[in-house]
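# Structure at a glance
One-letter residues, chain by chain:
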Amino acid sequence: VQLQASGGGLVQAGGSLGLSCAASGSIFSVNYMGWYRQAPGKQREHVATIRSSGSTNYADVVKGRFTISIDNAKKTVYLQMNSLKPEDTAVYYCNAALYLSWSHQFDYWGQGTQVTVSS
């Protein structure tokens, strides 16, 4: 099983960027998928999570600016980031809880993708 993240890049403050992360491999179903980020010198922090049902959870610092969505058929999670701030600069990591069978769930991480917001 692999998580392949894409998107990110450099944007000016106030701009927008989108991230996507696709899970591949022998996957029975998705429990939830989400995003974390880690800025230089800081701990990794939760950004947003979405369950296969569509229920979402956002960190307070991104509420109202970021939107997470999921395509269960494609096993892909998206993060639309609007009104970006320099403090959003970080490496963003995709995370997923995937069922490999009806009873076995495992946690996976994708490779990081850099998001840089210039002031």
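We now turn to the structure provided with this report. The structure displayed is predicted, hence computed values, not measured ones.

## A look at the overall build of the chain
- Check the secondary structure of the chain and you find zero helices and eleven strands.
- Listed N to C, the secondary structure of the chain is β-β-β-β-β-β-β-β-β-β-β in terms of helices and strands.
- Relative to a compact globule of 119 residues, whose C-alpha radius of gyration would be 14 Å, the chain shows 14 Å and is just as compact.
- Along the first, second and third principal axes, the C-alpha set of the chain runs to 45 × 25 × 20 Å.
- Every one of the 119 residues in the chain was classed for burial, and the buried ones make up 40%.
- Counting only carbon and sulfur atoms, one obtains 48% of the accessible surface of the chain, whose full area is about 6,200 Å².
- Counting 9 positive and 6 negative side-chain charges, the chain places the centres of these two groups 2 Å from one another.

## Re the packing of aromatic side chains
- This structure, assessed with the given rule, holds one aromatic pair.
- Look at Tyr36 and Trp109: their rings are 5.1 Å apart centre to centre, the planes differ by 65°, and that puts the pair in the edge-to-face class. Separated by 73 residues along the polypeptide, Tyr36 in strand β4 (residues 29-38) and Trp109 in strand β10 (residues 105-109) bring together distant segments of the chain.
- Of the residues examined, Tyr36 reaches a relative accessible area of 23% and is grouped as partly exposed.
- When its relative accessible area of 39% is taken as the criterion, Trp109 is described as partly exposed.
- Across the ring face of Tyr93, the terminal group of Arg44 is positioned such that the distance to the ring centre comes to 3.8 Å.
- The cationic tip of Arg44 hangs over the ring face of Trp109; the distance from NZ or CZ to the ring centre is 4.7 Å.

## Re the nonpolar core
- By size, the foremost hydrophobic cluster in this structure holds 33 residues, and its most contacted members are Leu3, Met33, Trp35, Leu79, Met81 and Tyr92.
- Here this core takes five residues from strand β9 (residues 90-99), the largest share from any one element.
- With residues up to four places along the chain from it excluded, the contact list for Tyr92 reads Leu19, Trp35, Tyr36, Arg37, Val47, Phe66, Leu79, Met81, Gln111, Gly112, Thr113 and Val115.

## Quick notes on the environment of Gln4
- In this fold, Gln4 is placed in strand β1 (residues 2-7).
- Residue Gln4 is classed as partly exposed on the basis of its relative accessible area, which comes to 48%.

## Quick word on the sheet that holds β1
- The strand order across the open sheet built from four strands is β1-β3-β8-β7, with neighbouring strands paired in antiparallel fashion. The sheet is open, and its two edges are formed by β1 and β7 (66-71), each paired on a single side. Neighbour-to-neighbour, the strand axes of this sheet turn through a mean angle of 15°, independent of strand direction.
- The pairing of β1 with strand β3 (residues 17-24) spans six bridges and is antiparallel.

## Things to note about the environment of His104
- The topology assignment puts His104 in the loop between β9 and β10.
- The exposure class of His104 is partly exposed, given its relative accessible area of 46%.
- Sequence separation of His104 and Gln114 is ten residues, and the distance between their C-alpha atoms is 31 Å.
- Here His104 is in contact with Leu98 and Tyr99, once residues within four sequence places are set aside.

Definitions and limits used
- Residues numbered from 1 in each chain as written.
- Predicted model: local features only at pLDDT ≥ 70, side-chain atom pairs only at ≥ 80, totals over all residues.
- Heavy atoms only, no water.
- Helix = DSSP H or I, 4+ residues; strand = E, 2+ residues; numbered from the N terminus.
- Rg over C-alpha atoms; globule rule 2.2 N^0.38 Å.
- Buried < 20%, exposed > 50% of the residue type's maximum accessible area, 1.4 Å probe, protein only.
- Areas by Shrake-Rupley, 256 points an atom, 1.4 Å probe, with all protein chains shown as cover.
- Lys, Arg positive; Asp, Glu negative; His and termini not counted.
- Charge placed at Lys NZ, Arg CZ, Asp CG, Glu CD.
- Phe/Tyr/Trp six-rings, centres within 6.5 Å; stacked < 30°, edge-to-face > 60°.
- Lys NZ or Arg CZ within 6 Å of the ring centre and 35° of its normal.
- Core = buried A, V, L, I, M, F, W, Y, C linked by side-chain atoms within 4.5 Å.
- Contact = heavy atoms within 4.5 Å.
- Pairing = 2+ DSSP bridges.
- Axes fitted to C-alpha atoms, helices over the stretch in contact; angles between N-to-C directions.

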